[in-house]
Amino acid sequence: MATFKEYAQYDALGLSELIARRQVTPQEVLEAAIERIEAVNPRINAVVQKTYDEARAVVGAGLPPGPLAGVPYLMKDLYAWQKGVRIGNGSRLFDGFVADHDFTLVQRYKAAGLVMLGRTNTPEFGLNATTEPVAYGPTRNPWNLERSAGGSSGGAAAAVAADMVPAAHGTDGGGSIRIPAAHCGLFGLKPTRGRNPAGPDVGEGWSGLACGHALTRTVRDSAAFLDATSGPAPGDPYWAPPPTRPFLQEVGANPGQLRIALEKEAISGTPVHPECLKGVEAAARLLEDLGHRVEEASPGFDVVGLRWAMDVIISANLRNGLDLRFDALKRSQREDDVERITALWAEQGRRHTARDYARALVIVHGVGRRFGEFFQGYDVLLSPTLADPPLPLGTPDMMSGDLDAYTERLFRMIPFTPQFNVTGGPAASLPLHWTSDGLPVGIQLGADFGNEALLLRLAAQLEEAQPWWNKRPNL
């Protein structure tokens, strides 16, 4: 079969259009993706499970006439079960586990015609802002192999940045789509809570903090994927307000003159790297040049209380998840089952009380109301995505024995992302800045609950004004 040498020049929609016009076959596209993974993955360790034979069988059987038919896709190896596929969750604890059914999101990916050919690396249970699980080893940043690709969707981001696939599945419970998007020079949208289904096994991830979507090169791909997957499934506990029209139609639409709040400094007092400040200030100037009104403003909230609440929610969900696994294995926990921070955090979940959990939800909902009031006066909140450019591998370390030091370091890395997991509103990281030594820096745009349409219009306007598509790492 002839090699499709132009594979990396196209985004997901571009590939699907070529296939629809019969200018290239799905088989040629799939083999080009496999060839690229085999060539690059040994250097960056983004893909930890390859399902090439299954993908070839899917293509050979004939694809559904979906909007993304024939596009190669990688699933993040964190839950998101695929029937008949081994699921690792970044942990030795899931050695040998094979899913017996598809998650709803996976069903919708298949219906859209995506061809899933592997699963990407993630930190154990998605608990880290860098992707370095003991079970599978570190994922390296394609822009600098000694730097982190971010987490927890680090394998997904590295795979897209390295041209393995034009888009890859990710999840976001505290920034886990936006963090690696910022580290790897991609567009990463965390959608509104309830926009994409989390079922059928759970109603929500991390008590509503977490959701799933995709990491992409282009804004239009993100919109197209959201069109393919969004909407409630039967039995969902809640869902996001329906869009007035397809999200893809927002790309290229005029956003109008927007009221944009600029938050340069972290409410927590965490120092922000000069390159991240430089990037967000340049973004603010660009937005003003595009006709928007930008002024410094911040919603403000109790950072200490929010961190406590998130710790309670995450540790409780982690404890429950581990106990369910041990129940399935019909045994108790052993010392080497999970990484040290995982064990310590789960044990903290055992110590928290039912009152703690109820109180945490009250705090979380209070922050959501504070942001809701804030967005009555502003359309968008602009900030750096992270406090630093991509950090060296090993920061922070989940094999350390100090949970307090670990979580303190973790939250210092991500002072701007978790609030949108708490409020449930959409937020996106855009690759609008690069450091003097060639590392990408993400800029975050956040909006009110249910308002992805506004973010997509604005992000597309910025993408047109300052294109990032042709910036590629030299692998």
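For the structure itself, look to the data block above.
A few points on the structure.

Definitions and cut-offs
- Residues numbered from 1 in each chain as written.
- Predicted model: local features only at pLDDT ≥ 70, side-chain atom pairs only at ≥ 80, totals over all residues.
- Heavy atoms only, no water.
- Helix = DSSP H or I, 4+ residues; strand = E, 2+ residues; numbered from the N terminus.
- Rg over C-alpha atoms; globule rule 2.2 N^0.38 Å.
- Buried < 20%, exposed > 50% of the residue type's maximum accessible area, 1.4 Å probe, protein only.
- Contact = heavy atoms within 4.5 Å.
- Areas by Shrake-Rupley, 256 points an atom, 1.4 Å probe, with all protein chains shown as cover.
- Lys, Arg positive; Asp, Glu negative; His and termini not counted.
- Charge placed at Lys NZ, Arg CZ, Asp CG, Glu CD.
- 1 Å grid on protein atoms, 1.4 Å probe; cavity = no way out; pocket = protein on both sides within 12 Å on 5 of 7 lines; lining within 4 Å.
- Points joined across faces, edges and corners; volume = space filled by probe spheres on them.
- Nonpolar A, V, L, I, M, F, W, Y, C, P; charged D, E, K, R; others polar.
- Core = buried A, V, L, I, M, F, W, Y, C linked by side-chain atoms within 4.5 Å.
- Axes fitted to C-alpha atoms, helices over the stretch in contact; angles between N-to-C directions.
- Parallel < 35°, antiparallel > 145°, perpendicular 65-115°, else oblique.
- Left-handed = near helix turned anticlockwise from the far one by under 90°.
- Salt bridge = Lys/Arg side-chain N within 4 Å of Asp/Glu carboxyl O.

1. Some remarks on the overall build of the chain
The number of helices and strands found in the chain is 14 helices and 13 strands. A compact globule built from 475 residues would reach a C-alpha radius of gyration of about 23 Å, and the chain, at 21 Å, matches this within 12%. Each of the 475 residues in the chain was classed as buried or not, and the buried ones make up 61%. Intrachain contacts of the chain at a sequence separation of at least 6 include 79% that bridge at least 24 residues. When the accessible surface of the chain is totalled, it reaches about 18,000 Å², and 50% of it is carbon and sulfur. One finds the centroid of the 46 positive side-chain charges in the chain at a distance of 1 Å from the centroid of its 54 negative side-chain charges.

2. Things to note about the layout of surface pockets
Its boundaries defined by the atoms lining it, the largest pocket holds a volume of some 1,100 Å³. Residue lining of the largest pocket: 44 residues in total, with Y79, F103, V202, E204 and G205 positioned closest to the centre. Among the elements that make up the lining of the largest pocket, the one with the highest residue count is helix α9 (residues 303-329) (8 residues). Considering only residue class, the lining of the largest pocket consists of 22 nonpolar, 15 polar and 7 charged. Volume-wise, the second largest pocket comes out at about 270 Å³. Contributions of two or more residues to the lining of the second largest pocket are made by α9, α10 (340-351) and α12 (403-413).

3. Describing the nonpolar core
Generally speaking, a soluble globular protein has its nonpolar side chains buried in company with each other. One finds L117 and L382 to be the most contacted residues of the largest nonpolar core, which totals 139 residues. Counting residues per element, this core draws most heavily on α9, at 10 residues.

4. What about the packing of α9 against α10?
Between α9 and α10, whose axes approach to 7 Å, the crossing angle comes to 100 degrees. Looking at the two axes, α9 sits roughly perpendicular to α10. Within the contact between the two elements, α9 uses D311, I314, S315, A316, L318, R319 and L322 and α10 uses T342, W345, A346, E347, Q348, G349 and R350. Residue composition of the contact of α9 with α10, by class: 6 nonpolar, 4 polar and 4 charged.

5. A few points about the environment of M75
Structurally, the position occupied by M75 is in strand β2 (residues 72-76). You can call M75 buried: its relative accessible area is 0%. Along the primary structure M75 and T120 are separated by 45 residues, whereas in three dimensions their C-alpha atoms are 6.1 Å apart. Those residues in contact with M75 that sit more than four places away from it in its chain are A80, Q82, V106, Y109, M116, G118, R119, T120 and H169.

6. Regarding the environment of P138
Locating P138 in the fold gives a position in the loop between β3 (115-120) and β4 (140-141). Relative accessible area serves as the criterion here: at 31%, P138 is assigned to the partly exposed category. For the pair P138 and V304, spaced 166 residues apart in sequence, the C-alpha separation works out to 31 Å.

7. Digging into empty space enclosed by the protein
Scanning the model with the defined rule gives 5 cavities of 30 Å³ or more in all. Of the pockets and cavities examined, the largest cavity occupies roughly 180 Å³. In terms of lining, the largest cavity is formed by 17 residues, of which the most central are L127, G174, W206, L410 and I414. For the lining of the largest cavity, the secondary-structure elements that each account for two or more residues are α9 and α12. Here the residues of the lining of the largest cavity sort into 10 nonpolar, 7 polar and no charged. For the second largest cavity, the full set of lining residues is I267, S268, F301, V303, L306, R307, M310, F411, I414, P415, P418 and Q419. Among the secondary structure elements, those contributing two or more residues to the lining of the second largest cavity are α9 and α13 (418-423). A total of 4 residues in the lining of the second largest cavity trace back to one element, the largest contributor, which is α9. Taken together, the residues of the lining of the second largest cavity break down into 9 nonpolar, 2 polar and 1 charged.

8. Structural notes on the packing of helix α7 (residues 219-229) against helix α14 (residues 452-465)
Where α7 contacts α14, the two axes come as close as 9 Å, and the packing angle between them is 155 degrees. In terms of orientation, α7 and α14 fall into the roughly antiparallel class. Both α7 and α14 take part in a crossing whose hand is left-handed. In this structure, α7 uses V219, A223 and L226 to contact α14, whose residues at the interface are E452, L456, A459, A460 and E463. Counted by class, the contact of α7 with α14 contains 6 nonpolar, no polar and 2 charged residues.

9. Remarks on unusual backbone geometry
Following G199, the chain continues to P200 via a peptide bond in cis, the omega torsion being 5 degrees. With respect to the helices and strands, the residue P200 is situated in the loop between β7 (187-190) and β8 (211-216). Backbone torsion omega between T395 and P396 reads -15 degrees, so that peptide bond is classified as cis. Along the polypeptide, P396 turns up in the loop between β11 (380-384) and α12. Of note in the backbone geometry, W206 takes a positive phi value of approximately 50 degrees without being a glycine. As for its placement among the helices and strands, W206 is situated in the loop between β7 and β8.

10. With respect to the pattern of salt bridges
Counting across every chain of the model gives 23 salt bridges. Residue E31 pairs with R56 through a salt bridge whose shortest N-O separation is 2.8 Å. Of this pair, E31 sits in helix α2 (residues 26-44) while R56 sits in helix α3 (residues 52-61), placing them 25 residues apart in sequence. The class for E31 is partly exposed, based on a relative accessible area of 26%. One salt bridge in this structure joins E296 and K264, with 3.7 Å as the shortest N-O distance. Within this pair, whereas E296 is found in strand β10 (residues 293-296), its partner K264 is found in the loop between β9 (259-262) and α8 (274-289), the two being separated by 32 residues in sequence. Overall, the relative accessible area of 57% leaves E296 in the exposed class. Its relative accessible area of 18% is what places K264 among the buried residues.

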